[in-house]
Amino acid sequence: GKTVVYLPARSIADMIYRALEPEADFSLLRIEQDMRYIDLLVIDEFDKGGFDKSTFVHDVFFNVLNWRYEHRAWTAIAFNEIERAPPAMLSRMNDGAWGDGSIGGVIPVTAKDQRPLNKR
């Protein structure tokens, strides 16, 4: 009975840019509102999302992430290179105040990558 959404970070960035186009059938506000009220938001490849601090996408995405942080919304974020995560967002990830706070901040996954290899 819960809403769970999985999105690669790059897809979120692309949606933000598309919302700015005159012919877009959805708004930036709609994207922000939808991402706020998902019961569990799973963001993959966070380090590849194009959330550089100087970009508009960073600001919009920070607003969503910060809202989820302040409201203790369940959020899972996966990335390979922690040093590429924007500092303001990383500080919230490290704090661990997500969901009920029982899991704690960043938890490194050390298991071998399970994605199938492309064999040609």
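Worth saying up front: this structure is predicted, and the values here are computed from it rather than measured. (Residues numbered from 1 in each chain as written. Predicted model: local features only at pLDDT ≥ 70, side-chain atom pairs only at ≥ 80, totals over all residues. Heavy atoms only, no water.)

A. Inspection of helix α3 (residues 56-70) at higher detail. Along its 15 residues, α3 runs 21 Å from first to last C-alpha, staying within 8% of the 21 Å computed at 1.5 Å per residue. Restricting attention to buried positions, one finds in α3 the residues Val 57, His 58, Val 60, Phe 61, Phe 62, Val 64, Leu 65, Asn 66, Trp 67 and Arg 68. Next to the buried residues of α3 lie α1 (9-19), α2 (28-36), β2 (40-44), β3 (74-77) and α4 (87-95). Directly after α3, the chain includes Arg 72, whose backbone phi takes a positive value near 55 degrees. (Helix = DSSP H or I, 4+ residues; strand = E, 2+ residues; numbered from the N terminus. Expected span 1.5 Å × (residues − 1). Buried < 20%, exposed > 50% of the residue type's maximum accessible area, 1.4 Å probe, protein only. Contact = heavy atoms within 4.5 Å.)

B. Spotlight on the packing of aromatic side chains. Counted according to the given criterion, the structure contains 3 aromatic pairs. Both rings, one in Phe 46 and one in Phe 61, keep their centres 5.9 Å apart while their planes meet at 50 degrees; by these two values the pair is tilted. Of this pair, Phe 46 sits in the loop between β2 and α3 while Phe 61 is found in helix α3, placing the two residues 15 residues apart along the sequence. Across the pair, exposure class does not vary: Phe 46 and Phe 61 are buried alike. Ring geometry for Phe 46 and Phe 79: centres 6.4 Å apart, planes at 50 degrees, overall tilted. Of this pair, Phe 46 sits in the loop between β2 and α3 while Phe 79 sits in the loop between β3 and α4, and the two are 33 residues apart along the sequence. Three or more aromatic residues link up through ring pairs in this structure, and these residues are Phe 46, Phe 61 and Phe 79. (Phe/Tyr/Trp six-rings, centres within 6.5 Å; stacked < 30°, edge-to-face > 60°.)

C. Main features of the confidence of the model for the protein. For the protein, the mean per-residue pLDDT works out to 81, and 84% of the residues sit at or above 70. By mean pLDDT, the top-scoring element of the protein is strand β1 (residues 4-8) (92), and the lowest-scoring one is α4 (79). (pLDDT = per-residue confidence, 0-100.)

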